[in-house]
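Coordinates in review
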Amino acid sequence: MFPVKSFSALCGLMLPLALSPVSAQAAPTVYPLMLSNCGVEITFDKAPEHAIALGQNSAEIMLLLGLEDSMAGTAFWPSKVLPELAEANEKVKLLTVESPSLEGILAERPDFVAAQLLNLLGPESKVAKREDFSNLGIPSYVSPGVCATNTASGDVHGARDQLWNMDLLYQEIDELSQIFDVADRGQAVIADFKAREAALREKVASEGQDLSFVFWFSSPTPADDAYLGGKNGASGFIADLLGGTNVMQTEVEWPTVSWEGIMATNPGVIVVADLDRDRWELDKPEAKIAFLKTDPAVSELEAVKQGRIVVMDGQAMNPTIRTIYGAEQIAEQLEELGLFK
Amino acid sequence: MSGLKRHFGEQAGLGLFLLLSTAVLMLAIAAGTGIGEMPIPLDTTFFAVTNRLGWTSFALDPIHQSVIWDYRLSRALVAACCGAGLALCGAILQSLLRNALAEPYVLGVSAGASTGAVAIIVLGFGAGTITLSAGAFVGAFASFAFVALLSDGARAGAGKTILAGVAASQLFNALTSYIVSTSANAQQARDVMFWMLGSFGGVRWPEFQLVLGVVAIGFVVCMYLAKALDAFAFGDDAAASLGIPVEAVRVILFAVTALLTATIVSMVGSIGFVGLVVPHAARFIVGPSHARLLPTCVVTGGVFMVLADIVSRVILPQQVLPIGVVTALVGVPFFSLILYRSQRSS
């Protein structure tokens, strides 16, 4: 029984261990703190006490840093909060799960605004521009991952020509932890993620096999083409982390592919996304699995016949902190399926 | 004698109507500035405006000050200008094309704008140096140029011009779909949708200066040509026989509407219904003469859009509804009432 549960046990143990004072050694923040964020100089005279997080990933990073008491509100949640952060998230006001209004944000009297996407905070945004806050002396922060892809390709969401990795996410965690003077906790979270990344790589290196994955996000109906995770996005990163490859070799972040096209790639493992929304007929994993097993053609796939279908949180397919959780979720199921030696 | 008296009576009536409706427009803008999610006392609202105008210098909460001046007032003024501009374009195009269904997007301007915006969002043209709005503006004018080419500089007649507009819309919508389906990801497709739905969320003072200038120029040109527009109602030949340079007037007016619509659509997205319905409503009130119709359209369109924007901001807490949803939801019952009453009276 132990090996089956080892991954979840590992994940459960790692965070509290890493957060113990023994491993904490980062220096406290000296204010005023000056940072350069996406070409904007921001200054903090003290740690923010009424921060607003625009976008689920920004909010979840703050919650991971234990900042729920310093947060005045969050907005834009495509999916449910990470279960271990649910209790902390209860303490923070939810402005809206959709795009908020500038007035709604200002009504919370924020002393700091951090955003995950440029359409929540950026020059073309219909929510807010950084000047709206800087004019009021409120520092704002945009996810470095977004700026990096934007300047490199002129593309707001990164049609990547290189495989995504966690480095810019680590930079974001590090900078946010400095801003809030919780650098110890920031370093601990980063160390925890890095250790989990390394643990996965080590495990697949010693026990794994070279698997090919297809990452199925959703389809409007069984007859429609499937929305998949592309080669260089978070899905590609997960495949790489698990020592395998993504069968989709296009650089498009979210390719739409016919089932004939998917069958031609003959994937070794089919990853079906578990989505919180219920907008499309095949958003739910049960519906996806039922389709895979009943469609006359698709059910003939080797992966389906051998039951190599695994379920993963759909949010993991977006390049966020959830990506590493998704990789662990798959690894656990691969182990149950006996796909590790 | 009685005709002259009636003429003066009508002029006075129109003057009174315009005066009243301008007052209503001012009130609407004041309401747009005073109403919002954040409860701000009325006196604070008033002093926030007078402070920034340099008339007073009360110590106010900077957040209140900023919400009133930078966010609500600029937004209400842009909404008024956009409503005025769209209604003006609708009235001009309905007359020029002699088609009751003509509206500002009939020449494919909206479709062209979305292609321009998509080219910026998805293909990354200009790598961040060209703004979305500039891209949309170029796209809108490209579509207009295409229509002008197809309809032989709008000489080919109203029917052919409308067909050319339909062709341009189809072409640019297809281009947009092609770009989105071949190179966009799900998030980008969503951005494009969000952008096209129309919203006053992104506007501040610089946008107001631009749209005010463009709408003012458009209004002056159209008023100057109001008599010619009246003549168009009886057909091109009748207009020509009255000594109106038909082709020149038509090209100028098409260009003015294209400039207005392209400016507005590239600033706030595609907002339907106002340009179609306000001119009809205005005609019910003041009749078909353009010297009366156009100012009425401008004021009514402005009031309508400001009120619609207030509704879009307050109907959902913490969140903004796309303005196009509100213009249709508020506009259709209002228009039904006018239609019903006009049928009864006729």
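No experiment lies behind these values; they were computed from the predicted model shown.

All right, on to the overall build of chain B then. Secondary structure summary: chain B contains 14 helices and zero strands in total. For chain B, the succession of helices and strands along the chain, N to C, is α-α-α-α-α-α-α-α-α-α-α-α-α-α. In chain B, 75% of the contacts between residues at least 6 apart in sequence involve partners at least 24 apart.

The next point concerns the overall build of chain A. Of the regular secondary structure elements, chain A holds 13 helices and 13 strands. Within chain A, contacts between residues separated by at least 24 positions form 65% of all contacts whose residues are at least 6 apart in sequence.

Our focus in this paragraph is the packing of helix H4 (residues 109-121) of chain B against helix H5 (residues 132-150) of chain B. Residue and element names in this part refer to chain B. Across the interface, H4 lies against H5 with an axial gap of 6 Å and an inter-helix angle of 140°. Taken together, H4 and H5 sit at an angle that is classed as oblique. In the crossing of H4 with H5, the sense of the turn from one axis to the other is right-handed. Residues Val109, Ala111, Gly112, Ala113, Thr115, Gly116, Ala117, Ala119, Ile120 and Ile121 of H4 touch H5, and the partners they reach there are Leu132, Gly135, Ala136, Phe137, Val138, Gly139, Ala140, Ala142, Ser143 and Phe144.

Attention now moves to the pairing of strand S3 (residues 51-54) of chain A. Residue and element names in this part refer to chain A. Where burial is concerned, the two faces of S3 agree: the one with Ala51 and Ala53 and the one with Ile52 and Leu54 are both buried. As paired elements, S3 and strand S4 (residues 71-75) share four bridges and run parallel to each other. In the sheet register, Ala53 faces S4, and the bridge partner there is Thr74. Taken together, S3, helix H2 (residues 56-64) and S4 constitute a β-α-β crossover, and its handedness is right-handed. Both S3 and strand S6 (residues 112-115) contribute to a ladder of four bridges, which runs parallel. Looking at S6, one finds that Ala51 is bridged to Phe112.

Further remarks concern the sheet that holds strand S5 (residues 94-96) of chain A. Residues and elements named next belong to chain A. The parallel open sheet is built from five strands, whose spatial order is S5-S4-S3-S6-S7. Only two strands of the sheet have a single partner each, and these edge strands are S5 and strand S7 (140-142). Averaged over all adjacent pairs, the angle separating strand axes in this sheet is 20°, with direction ignored. Inspection of the sheet shows S6 paired to S7 by three bridges, in the parallel sense. In the strand pairing of S7, Ala114 is matched with Tyr141. Sitting on the sheet, H2 touches S3, S4 and S6, and the angle it makes with S3 is about 135°.

Residue and element names in this part refer to chain A. Of the strand pairs in this sheet, strand S1 (residues 33-37) and strand S2 (residues 40-44) are connected by five bridges, and their pairing is antiparallel. Looking across to S2, one finds that Asn37 is bridged to Val40. Here S1 hands over to S2 after two residues, with Cys38 in that stretch at a positive phi of 50°.

Residues and elements named next belong to chain A. For chain A, the assigned domains read domain 1 (2-193) and domain 2 (209-336). Contacts between domain 1 and domain 2 engage 24 residues on the former and 22 residues on the latter. Mapped by element, the contributors of at least two residues to the side of domain 1 that touches domain 2 are helix H1 (2-18) and H2. Take the side of domain 1 that touches domain 2: its biggest share by element is five residues, from H1. Looking at the side of domain 1 that touches domain 2, its residues break down into 13 nonpolar, seven polar and four charged.

Residues and elements named next belong to chain B. Of all residues in chain B, 90% attain a pLDDT of 70 or more, and the chain-wide mean is 84. At the level of individual helices and strands, chain B shows its lowest average pLDDT in helix H7 (residues 186-197), which scores 66, and its highest in helix H8 (residues 205-224), which scores 94. Note on the complex model: pTM 0.80, ipTM 0.76.

For the bond running from Tyr31(A) to Pro32(A), omega is 0°, close enough to zero to count as cis. Inspection of the secondary structure puts Pro32(A) in the loop between H1 and S1. Although it is not a glycine, Phe76(A) sits at a positive phi angle of roughly 65°. Looking at the secondary structure, you find Phe76(A) in the loop between S4 and helix H3 (86-90). On the basis of neighbour counts, which here come to 23 C-beta atoms within 10 Å, the residue Phe76(A) falls in the buried class. The residue Arg98(B) is not glycine, and still its phi comes out positive at about 45°. Within the secondary structure layout, Arg98(B) lies in the loop between helix H3 (62-96) and H4.

To continue, consider the environment of Gly229(A). All names here are of chain A. Considering the arrangement of structural elements, one finds Gly229 in the loop between strand S9 (226-228) and helix H9 (234-241). Using a count of 29 C-beta atoms within 10 Å as the deciding quantity, one classes Gly229 as buried. Residues Gly229 and Asn57, spaced 172 residues apart in sequence, show a C-alpha to C-alpha distance of 19 Å. The residues contacting Gly229, other than those within four sequence positions of it, are Phe215, Phe217, Ala234, Ser235, Asn246 and Met317.

This part is about the confidence of the model for chain A. All names here are of chain A. With 88% of its residues at a pLDDT of 70 or more, chain A has an overall mean of 86. At the low end of the mean pLDDT range in chain A sits H1, at 44; at the high end sits S3, at 97. Confidence over residues 1-23 falls short of pLDDT 50; this stretch has 23 contacts with residues more than four positions distant or in other chains. Throughout residues 150-158 the model reports pLDDT below 50, and contacts reaching past four residues in sequence, or to other chains, amount to 23 contacts.

What follows deals with the nonpolar core. Within the largest apolar cluster, 194 residues are counted, with the highest numbers of intra-cluster contacts made by Val271(A) and Leu88(B). No other element matches H3(B), which puts 20 residues into this core. Looking at which domains feed residues into this core, each of domain 1 (2-193) and domain 2 (209-336) of chain A gives three or more. Apart from the residues lying within four places of it in its own chain, the contact partners of Val271(A) are Phe213(A), Val214(A), Phe215(A), Trp216(A), Val310(A), Met312(A) and Ile330(A).

Now for H2(A). Working note: α-helix, 3.6 residues per turn, so residues spaced by three or four point in the same direction. Residue and element names in this part refer to chain A. Within H2, nine of the nine residues are buried, which leaves the element mostly enclosed by the surrounding structure. When we look at burial in H2, the residues that qualify are Gln56, Asn57, Ser58, Ala59, Glu60, Ile61, Met62, Leu63 and Leu64. Positive phi appears at Gly66, one or two residues downstream of H2, with a value of about 70°.

Reading the values: the criteria
Residues numbered from 1 in each chain as written. Chains lettered and ligands numbered in written order. Predicted model: local features only at pLDDT ≥ 70, side-chain atom pairs only at ≥ 80, totals over all residues. Helix = DSSP H or I, 4+ residues; strand = E, 2+ residues; numbered from the N terminus. Contact = placed C-beta atoms within 7 Å. Axes fitted to C-alpha atoms, helices over the stretch in contact; angles between N-to-C directions. Parallel < 35°, antiparallel > 145°, perpendicular 65-115°, else oblique. Left-handed = near helix turned anticlockwise from the far one by under 90°. Buried ≥ 20, exposed ≤ 12 C-beta atoms within 10 Å, placed from the backbone. Pairing = 2+ DSSP bridges. Right-handed = clockwise from strand over helix to strand, strands pointing away. Domains from an automatic or database assignment. Nonpolar A, V, L, I, M, F, W, Y, C, P; charged D, E, K, R; others polar. pLDDT = per-residue confidence, 0-100. Core = buried A, V, L, I, M, F, W, Y, C linked by C-beta atoms within 7 Å.

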